[in-house]
Amino acid sequence: RYMNILRQHNPINSSTSTPKMLFRSYCTAAIAAMAATSPLAAAAAQSSSSVRGAAPEEVAANKQHRALAGATGKYLEQRVEYSEDAFQLADNPEPNVDRRLRELQGNSGNRGPPDGTGPKKLAAFELASGEILEVEGLTAEDEASLSSGDEIILPAEATMSGQKINVHGKPIGRPPNAGNRQGRKLATLTGDKTVVGVRVVTSCSDSTTSSEADLRNYIFDDAVNLAKQYKACSHDKLNIIKPAGGNTIASGNTALASNIVGGVLTVNINRCTTADADDSTMRNEITAAINSAFGVSNPTDIADHFMYCLPPGTFGGIAYAYMNSWMSVYKDDWCNYVSAQLHEVGHNLNFGHASEGTAEYGDQSGMMGFSYSQNDSPVMCFNAAKSVQSGWFSDKTVTIDPNNDAGSCYSGPLYGLDSYTSSPADANVLIQLLSTGTTNYHIGFNGKQGSNSGTVEHGNRVLITTQAATGASLKIANLGAGQSYTIANYDGSGRDITISVTSVSGSDHAVIDIMCGPALCSSDGQCDDNNACTTNVCDGACNFFPISNCCGNGICEPGNGESFDLCFDDCADGPYDVTAPLCSSCYIQDGNMFEVKARDKNVAITTLATRTYAVGGASGTFGGEVWTKQGTMVGFETNMSAWTKIADVSFTSGSWQMLQFPEFDTPVQIAAGQTQSFYVTHKNGGKALWGGGGPVRNTLATEDDNLQMFHGYYNVYPFGGKGAGTWNGALTYMSDN
């Protein structure tokens, strides 16, 4: 590689009869350059002379051992996001443009579909130069105990093949100061962080599609990007900035077309890109080229973080990054997408994935879940677990130890993270429940406004997640007004912890109560759960026993006259969601009308969400209304007096977002077998997205066990012209138990 560079810029021509001595002198200079910039190459070079006369396999083995024995560097964990076309989201950003989710389907050592399923944690070793190699053969003990960023020493038996190190099941060594983690420097999440976006041009003229100006725009300058979104989400606590400059390019450099300009540079490498090429080799060549060109020992001497934007076809995935580190790597255009940017740099900042159920990226309320191939959306931040980890909101985070508290642990408003600066000084935006184990519980209100206006799911609801200090989080509950979640037998204490949502105030805050098991007491009078349908009894701790034949005791009692319509609180199950077919090639109009039919059970619609398209595609503020009527809508499409308005709210949002209406004051009840009509409309600037393609009105659009939804109309506001079309949105309902 170095000889290629030298030949290009020195008076020597390999196609002529230039004396071999001259070539040898240039080889010597090249080896010296490698010794200064690449520890891997230097180690290989220094060991070559000592194994002359040995068999080829002995030479290879000795060189590997000499290069690696006792080497000191950093242990890293790699998070790889694979398969760009895993599956297609229905809510595409524009007609005929795919919008895809990220799904883990392999790793840099496994091209093509994985043998197993689910994500893999890849081990890596970073040399002092910043070059990174995959590590194999770790002991189970080392796999369990090592954390990304730990300083380690390779065993004497370690060998290298290509871009991989194998330690052959031998224990990893630790520097003397590593026992108390002093050898590990955790990524900081506050202050200024310099970032450089790197374009790549190969010797075969393959290159990153985006120009330097494009990358600069996508990372730093356009409407929604890495820099602006981290600044907004952290409320100015973390600022992604361009390096100040002043770096000097070494004389004779050919790897860089120019210096870093506005946080971006282009690196030329002497290799071609082929399908499923070895991105590990390319990645380390880029690192070595940066070190050589700037005369530094590690790219972090120049900036805090580097984003390597590789040409298309370099590897089979979409992006990857190293935990608690400085490097993230992207497949071409994925370097442009804000969700991929925040997700991968989030790994550098030590954020793990955000899971739900069995899906590693299933929590779509924040940026550490799925990512989307969209430049400026979705506009969202991070879930409660990541937000607690960040420390950005520590002054408005309340920590509760349920093992040492009893009775009501918390009662009051919980504000959304976007309301951090506008909420009262003594307000809370996050709640952390401590555990005696390694996993804590985190509670947040997912307010859908401002920096979080595009949260993909569960907007304006209270979300509960679990997470250890770092690592993947798991969303275990999402709650609306009147709903609760119980953590049974908390920490094995025998006590149940119940989180209840009393009310939700739009996208600003929710009022919640947390009961940390029975309250301690000395008399019945000290016990009151504010429920007229329970008897309050003190036996050292407060207990509340249901009173029979009382609506509100949590027990549906048909024999005492209770029913779904007469005692909704006791006789309803849920909530459940049913989502209409979402269009990929969409039309826009003010609103939609459609019909819903209850199947074999009574149901009650409690709220709904609708997809929007702001005028001109920009963010804006506009109104939304929901109207309803019993029976069919046919013949009443323009008759406002036949309908009842049940919601009238204001939204602030960009395009292609699902807007969540607050819980209806009174649920819309639909008796088994009966039909209810809905009119969901935007006004004052917003437009509803709807699906075309010739749907026949009142043919089935979607259904579940309890509910059927039918194709309907698009409508001009208010109660104006109409045409066949499919509403895009989701209904939330309760069913008769």
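This report concerns the structure included in the present document.

### A few points about the environment of Asn-268
At step 1: Here Asn-268 lies in strand 9 (residues 264–269).
At step 2: Residue Asn-268 is classed as partly exposed on the basis of its relative accessible area of 29%.
At step 3: On a C-alpha basis, the gap between Asn-268 and Ser-205 in space is 9.3 Å, while along the polypeptide they are 63 residues apart.
At step 4: With residues up to four places along the chain from it excluded, the contact list for Asn-268 reads Val-201, Thr-254, Ala-255, Leu-256 and Ala-257.

### A word on the state of the cysteines
A covalent bond between the sulfur atoms of two cysteines is what we call a disulfide.
At step 1: Within this structure, the stated rule accounts for nine disulfides.
At step 2: A disulfide bridge connects Cys-409 with Cys-516, and the sulfur atoms are separated by 1.5 Å. Here Cys-516 lies in strand 22 (residues 509–516) and Cys-409 lies in strand 15 (residues 408–415), a separation of 107 residues in the sequence. The pair Cys-409 / Cys-516 is uniform in exposure class, with both members buried.
At step 3: The residue that forms a disulfide with Cys-551 is Cys-567, at a sulfur-sulfur distance of 2.0 Å. For the disulfide bridge between Cys-551 and Cys-567, the dihedral angle about the S-S bond is near 100 degrees, and by the sign convention the bridge is right-handed. You can see Cys-551 sitting in the loop between strand 24 (542–546) and helix 11 (568–571) and its partner Cys-567 sitting in the loop between strand 24 and helix 11, a full 16 residues away along the chain.

### Here we look at the sheet that holds strand 20 (residues 484–487)
At step 1: With respect to topology, four strands assemble into an open sheet ordered 15-22-21-20, the strand pairing being antiparallel. Bordering the open sheet on either side are strand 15 and strand 20, each of which pairs with just one other strand. Pairs of neighbouring strands in the sheet enclose a mean axial angle of 15 degrees, with direction left out of account.
At step 2: Note: strand 15 against strand 22, seven bridges, orientation antiparallel. Each residue of the ladder has a partner; that of Ser-408, found in strand 22, is Met-515.

### Regarding the side chain of Asp-222
At step 1: Tracing the backbone shows Asp-222 in the loop between helix 6 (212–221) and helix 7 (226–233).
At step 2: For the buried Asp-222, which has no salt bridge, the nearest side chain bearing the opposite charge is Lys-228, at an N-O separation of 5.9 Å.
At step 3: Residue contacts for Asp-222: discarding those within four places in its chain leaves Asn-217, Lys-228 and Asp-376.

### Brief notes about the side chain of Gln-389
At step 1: Summarising the element assignment, Gln-389 is placed in helix 10 (residues 384–390).
At step 2: A distance of 2.8 Å separates a polar atom in the side chain of Gln-389 from a polar atom in the side chain of Gln-467.
At step 3: Non-local contacts of Gln-389, meaning those with residues more than four positions away in its chain, are made with Leu-349, Asn-350, Phe-351, Gln-467, Ala-469 and Thr-470.

### Side note on the packing of helix 6 against helix 7
At step 1: Contact pair helix 6 / helix 7: the axes reach a minimum separation of 5 Å and the direction vectors enclose 5 degrees. In terms of orientation, helix 6 and helix 7 fall into the roughly parallel class. Contact residues: Tyr-218, Ile-219, Phe-220 and Asp-221 in helix 6; Leu-226, Ala-227 and Lys-228 in helix 7.
At step 2: Partitioned by chemical class, the residues of the contact of helix 6 with helix 7 number five nonpolar, no polar and two charged.

### Description of the pattern of salt bridges
At step 1: Going through the model one piece at a time under the given rule, you end up with 16 salt bridges.
At step 2: Across the pair Arg-174 and Asp-142 runs a salt bridge, and its minimum N-O distance is 3.4 Å. With Arg-174 in the loop between strand 6 (164–166) and strand 7 (191–202) and Asp-142 in helix 5 (residues 140–145), this residue pair connects regions lying 32 residues apart in the sequence.
At step 3: Between Asp-363 and Lys-475 there is a salt bridge; the shortest N-O distance is 3.2 Å. Taken as a pair, Asp-363 in the loop between strand 13 (351–356) and helix 10 and Lys-475 in strand 19 (residues 471–479) lie far apart in primary sequence, 112 residues in all.
At step 4: Within the structure, one salt-bridge network assembled from shared partners comprises Glu-356, Asp-363, Glu-457 and Lys-475.

### Quick look at the nonpolar core
At step 1: The biggest cluster of nonpolar side chains holds 47 residues, and the ones touching the most others in it are Leu-226, Tyr-230 and Phe-382.
At step 2: Elements with a contribution of two residues or more to this core: helix 6, helix 7, strand 8 (238–241), strand 10 (305–310), strand 11 (317–322), helix 9 (338–348), strand 13 and helix 10.
At step 3: Residue contacts for Leu-226: discarding those within four places in its chain leaves Val-195, Tyr-218, Ile-219, Ile-240, Met-307, Val-338, Gln-341, Leu-342 and Val-345.
At step 4: Counting 32 residues, the second largest nonpolar core, distinct from the first, contains Leu-122, Leu-256, Ile-260 and Ala-303.

### Quick notes on helix 8 (residues 279–294)
At step 1: Between the first and last C-alpha of helix 8 there are 23 Å, a value that for 16 residues agrees with the 22 Å anticipated at 1.5 Å per step.
At step 2: In terms of burial, helix 8 is a largely internal element, 15 of the 16 residues being buried.
At step 3: Gly-295, located one to two residues past helix 8, shows a positive phi value of around 65 degrees.

### A short note on the pairing of strand 38 (residues 722–727)
Here is the key point about a regular strand: its side chains alternate between the two faces of the sheet.
At step 1: Bridge analysis of strand 34 (residues 686–691) against strand 38 gives two bridges, and the strand direction is antiparallel. Counterpart to Gly-691 in the pairing with strand 38 is Thr-726.
At step 2: Examined bridge by bridge, strand 37 (residues 712–715) and strand 38 share four bridges and lie antiparallel to one another. Note on strand 38: the bridge partner recorded for Gly-712 is Gly-725.
At step 3: Where strand 37 hands over to strand 38, the hairpin turn is made up of six residues, of which Phe-719 adopts a positive phi near 55 degrees.

Calculation notes
Residues numbered from 1 in each chain as written. Predicted model: local features only at pLDDT ≥ 70, side-chain atom pairs only at ≥ 80, totals over all residues. Heavy atoms only, no water. Helix = DSSP H or I, 4+ residues; strand = E, 2+ residues; numbered from the N terminus. Buried < 20%, exposed > 50% of the residue type's maximum accessible area, 1.4 Å probe, protein only. Contact = heavy atoms within 4.5 Å. Disulfide = S-S within 2.5 Å. Pairing = 2+ DSSP bridges. Axes fitted to C-alpha atoms, helices over the stretch in contact; angles between N-to-C directions. Lys, Arg positive; Asp, Glu negative; His and termini not counted. Salt bridge = Lys/Arg side-chain N within 4 Å of Asp/Glu carboxyl O. Polar contact = N/O pair within 3.5 Å; in protein donor to acceptor, adjacent residues only side chain to side chain. Parallel < 35°, antiparallel > 145°, perpendicular 65-115°, else oblique. Nonpolar A, V, L, I, M, F, W, Y, C, P; charged D, E, K, R; others polar. Core = buried A, V, L, I, M, F, W, Y, C linked by side-chain atoms within 4.5 Å. Expected span 1.5 Å × (residues − 1).

Geometry only, nothing functional implied.
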